[in-house]
Each structure stands twice: as structure tokens, then as C-alpha cells.
Amino acid sequence: MATDLDFDLKMCGKSVYITYFEFWNKPGFDERTIREKMKKVGKGENGIKMCIHAARRIAENGLQIEALKVIESSSRVNQAAREKAKALLNSMQ
């Protein structure tokens, strides 16, 4: 399952996943809001679609906390994203 999580985080992008975490923390999230927000920051339709599908798989598999742990410990993610992941983890425990 770890490889699936790693794959999904790569498909979405760890920084993007953490940016919109509050929206897609639940499996049945409404993707229209996220689509609009991602378009406003210049994301392409294919990238948005891949990211939404990956985030939905993470939520459906209940891997949100594991995803936050991966992001928090990733040296390839910017400091702000790592700090947000840490804060979210602390609020969920």
C-alpha cells in the first residue's frame, strides 16, 4: 500500500496535496471547488484531473494521516508544506 500512496502523492504533488488537504480529506469531496481553485493558480486540466483522482484514492483508502507523515518527512517538499503537514497531523491526533 505504501507504493500506492507514494504513486498517488507523486500524481498529485505533495505540495499541491497539502495545499488543498482540507477540501479532499473526505472520500466524497466535491471536486468542482478544487477544480476552480486549481485553475485560478494556472494548473492544467489534465494535471487537475490526475491530482483529484489521486487525492480521492488516498481518502478512499483512509491514508490521509500516512500521506501527511510522508509529506512532513520529505526533504523535497518546501518548509511551509512540511510545517502545514505537521500542524494537520497534530490536530488530527
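### Looking at the overall build of the protein
Scanning the protein from N- to C-terminus turns up seven helices and zero strands. Relative to a compact globule of 93 residues, whose C-alpha radius of gyration would be 12 Å, the protein shows 12 Å and is just as compact. When the backbone C-alpha atoms are referred to their principal axes, the protein occupies close to 30 × 25 × 25 Å. Within the protein, buried positions represent 38% of all 93 residues. Surface accessibility of the protein: about 5,600 Å² in total, with carbon and sulfur atoms responsible for 51%. Separation of charge centres in the protein, based on 17 positive and 12 negative side chains, amounts to 4 Å.

### Section: the state of the cysteines
The final tally for this structure, using the stated rule, is one disulfide. Residue Cys 12 pairs covalently with Cys 51 via a disulfide, S to S 2.0 Å. Taken together, the residues Cys 12 in helix H1 (residues 2-12) and Cys 51 in helix H5 (residues 45-60) connect sequence positions 39 residues apart. The pair formed by Cys 12 and Cys 51 is uniform in burial state, with each residue classed as buried.

### A look at helix H7 (residues 79-92)
Here H7 contains 14 residues, and its C-alpha end-to-end distance of 20 Å stays within 8% of the 20 Å for a straight helix at 1.5 Å per residue. Within H7, burial applies to Ala 81, Ala 85, Leu 88 and Leu 89. In an axial view of H7, the angular spread of the buried residues amounts to 100°, which keeps them on one side of the axis. In H7, the exposed residues that point more than 90 degrees away from the buried face are Ala 80, Asn 90 and Ser 91. On the buried face of H7, the contacting elements are helix H2 (14-19), helix H3 (21-24) and helix H6 (64-73). Two or three places before Ala 80, at the opening of H7, Asn 78 has a side-chain oxygen 3.2 Å from that residue's backbone nitrogen.

### Considering the pattern of salt bridges
If you walk through the whole model with that rule in mind, you get seven salt bridges. The closest approach of N and O atoms between Arg 32 and Asp 30, which form a salt bridge, is 3.0 Å. Ionic pairing is found between Arg 35 and Glu 45, a salt bridge with its closest N-O pair at 2.3 Å. Here Glu 45 lies in helix H5 and Arg 35 lies in helix H4 (residues 31-40), a separation of ten residues in the sequence. Linked by salt bridges that have partners in common, Glu 31, Arg 35, Lys 39, Glu 45 and Arg 56 make up one network.

### Some points on the packing of aromatic side chains
The full count for this structure, using the stated rule, is five aromatic pairs. Seen in terms of ring centroids, Tyr 17 and Phe 21 are 5.7 Å apart; in terms of plane orientation they differ by 70°. Their pairing is edge-to-face. Accessibility assignment for this pair places Tyr 17 and Phe 21 in one class, buried. Between Tyr 17 and Trp 24, the aromatic rings sit 6.1 Å apart at their centres with planes inclined by 20°, giving stacked as the arrangement. Each of the two residues, Tyr 17 as well as Trp 24, counts as buried. Grouping aromatic residues by their ring pairs yields a cluster made of Tyr 17, Tyr 20, Phe 21, Phe 23, Trp 24 and Phe 29. The ring of Phe 29 carries the charged tip of Arg 56 above its face, separated from the ring centre by 4.2 Å.

Quick notes on the rules
Each chain carries its own residue numbering, running from 1 in the direction its sequence is written. A pLDDT threshold of at least 70 governs which residues receive local features in this predicted model, and a stricter bar of 80 or more applies before side-chain atom pairs are shown or counted, although totals over entire chains, interfaces and linings include all residues. To get the side-chain values, take all heavy atoms of the structure and skip hydrogens and water. To qualify as a helix, a DSSP run of H or I must reach at least 4 residues; to qualify as a strand, a run of E must reach at least 2; elements of each kind are numbered from the N terminus. To get the radius of gyration, use the C-alpha atoms; to get the globule rule, take the number of residues to the power 0.38 and multiply by 2.2 Å. Burial classes: relative accessible area under 20% of the type maximum marks a residue as buried, over 50% as exposed, and values in between as partly exposed (1.4 Å probe, protein chains only). For accessible areas, the Shrake-Rupley method is used with a probe of radius 1.4 Å. Any residue's cover is judged against the shown protein chains and nothing else. Lys and Arg are tallied as positive, Asp and Glu as negative. Neither His nor the chain termini are counted. Think of each charge as sitting on NZ of Lys, CZ of Arg, CG of Asp or CD of Glu. For this text, the term disulfide refers to a pair of cysteine sulfurs within 2.5 Å. To estimate how far a helix should extend, the number of its residues minus one is multiplied by 1.5 Å. Working definition: the arc comes from the directions between the helix axis and the C-beta atoms, pointing outward to the latter. Note on contacts: a residue pair is in contact if any heavy atoms of the two residues lie within 4.5 Å. The definition of a polar contact used here is a pair of N or O atoms within 3.5 Å, where within protein one atom must be able to donate a hydrogen and the other to accept one, and adjacent residues in sequence count solely through side-chain atom pairs. Any Lys or Arg side-chain nitrogen located within 4 Å of an Asp or Glu carboxyl oxygen qualifies as a salt bridge. We call Phe, Tyr and Trp rings a pair once their centres come within 6.5 Å, taking the six-membered ring for Trp, and we label the pair stacked below 30 degrees between planes, edge-to-face above 60, and tilted otherwise. In this scheme, Lys NZ or Arg CZ marks a charge over a ring once it lies within 6 Å of the ring centre and within 35 degrees of the ring normal.

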